[in-house]
Amino acid sequence: MKMSIVTLSHNQAKFLETAMLSVLDQDHPDIEYIVVDPGSTDGSRAIIERHRHRIAHVILDPDDGPADGLRRGLAAATGSLFGFLNADDRLLPGAVTQAVRAFAANPEADVVYGHGIIEDLRIGRRYTAHASRPPLTSWMLAFGGISVVQQSMFFRTDTVRAAGGFNPANRTCWDGELLAELVLAGARFHRIDAVLAVFTLHGDSISGSGRLNGVYREEQARIDSRLLGRGPASADGLHRILARLLKWSRDPAATLWRLKRALNGGGEPL
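Conventions used here
Residues numbered from 1 in each chain as written. Predicted model: local features only at pLDDT ≥ 70, side-chain atom pairs only at ≥ 80, totals over all residues. Heavy atoms only, no water. Pairing = 2+ DSSP bridges. Helix = DSSP H or I, 4+ residues; strand = E, 2+ residues; numbered from the N terminus. Salt bridge = Lys/Arg side-chain N within 4 Å of Asp/Glu carboxyl O. Buried < 20%, exposed > 50% of the residue type's maximum accessible area, 1.4 Å probe, protein only. Contact = heavy atoms within 4.5 Å. Axes fitted to C-alpha atoms, helices over the stretch in contact; angles between N-to-C directions. Parallel < 35°, antiparallel > 145°, perpendicular 65-115°, else oblique. Nonpolar A, V, L, I, M, F, W, Y, C, P; charged D, E, K, R; others polar.

Student: Please give an account of the pairing of strand β7 (residues 125-129) that cites residues and values.
Tutor: Here strand β6 (residues 111-120) runs beside β7; their pairing, made up of five bridges, is antiparallel. Residue pairing in the sheet places Asp120 in a bridge with Arg125 of β7. Here β6 hands over to β7 after four residues, with Gly124 in that stretch at a positive phi of 70°. Note: β7 against strand β10 (residues 268-269), two bridges, orientation antiparallel. When the sheet's bridge partners are listed, Arg126 is paired in β10 with Glu268.

This is the structure:
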């Protein structure tokens, strides 16, 4: 089964080659690698050129933001399976093979996902983020009762396209919006009990810098309203508490691990 993977790159040269090699050095024999860079000026283009002979498609046209770049990458994909990775994140060895095997063993699955590692360069610590068990419901997703790591998620390409792909108007949480649309479309999820990828937080990233927090809150509120079919309500605070209690009770081992991590000061040193 061919896996198409898109890496989105824009002025992340200090991370880019590690991200690219994490895809190019996977042991799965049928990976279509697509790199999108709308205009880096920090040496990223030279890194891409150095590995261009191993890349199926390089898209260098200007775009209208990260989600639009991913939309262009998705349009170029020809594999029956699909994944996407930011230039400052990386796959772990064997991740694609594990995902492909899971799709083959579970032909009803539209999305296969696993656990991930969070590396927080701002405080020099890392920890494992345990993904929630299926089912993933719109109510649980809207109220924070589901944990997933986007870098550890793989999709059937047709399912992503049928759900609308990436919303180019979304500037902060296009991955969360895609997940919401997949849940609303009734996509079937299968979890692999393995760690598949690394998500990096640093001072220049959207998640790590907090520079777009206000925009993120607006976009997340819009997504939550779509998930729930309504706007905010006075009882939403109680719903959030209940959703988190349900998340903890559904996966006691992960909950115990989170408590140990908190007592350990937030994870292991880098």
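Student: An account of the pattern of salt bridges is requested, with residue identities and associated values reported.
Tutor: Oppositely charged side chains may form a pair once their charged atoms are brought near each other. Across all of its chains, the model carries 16 salt bridges by this definition. Salt-bridge contacts for Arg72 lead to Asp68; the nearest nitrogen and oxygen are separated by 3.3 Å. Of this pair, Arg72 and Asp68 both sit in helix α3 (residues 66-76), four residues apart, roughly one helical turn. Asp68 gets classed as buried once you look at its relative accessible area, which sits at 4%. Linking Glu119 and Arg90 is a salt bridge whose minimum nitrogen-to-oxygen distance equals 2.8 Å. Remark: Arg90 occurs in strand β5 (residues 90-91) and Glu119 occurs in strand β6; sequence separation between them is 29 residues. Of the residues examined, Glu119 reaches a relative accessible area of 8% and is grouped as buried.

Student: Describe the environment of Gly94, naming the residues involved and giving the relevant values.
Tutor: Turning to its location among the elements, Gly94 is positioned in the loop between β5 and α4 (95-105). Those residues in contact with Gly94 that lie beyond four places of it in its chain are Gln26 and Asp27.

Student: Can you lay out the packing of helix α7 (residues 174-184) against helix α9 (residues 213-228) for me, pointing to particular residues and giving the numbers?
Tutor: Think of two packed helices as two axes; the pair is described by the angle between the axes and how far apart they sit. Interhelical geometry of α7 versus α9 gives an angle of 5° and a closest axis separation of 10 Å. Taken together, the axes of α7 and α9 lie roughly parallel to each other. Taken together, the residues of α9 that come into contact with α7 (itself represented by Gly176, Glu177, Ala180, Glu181 and Leu184) are Arg222, Ile223, Arg226 and Leu227. Of the residues contributing to the contact of α7 with α9, the split by class is four nonpolar, one polar and four charged.

Student: How would you summarise the pairing of β6 if you had to cite specific residues and measurements?
Tutor: Burial runs high along β6: 10 of the 10 residues are buried. Sheet topology places β6 next to strand β8 (residues 153-156); three bridges connect them, and they run antiparallel. The residue of β8 that forms the bridge with Val112 is Phe154.

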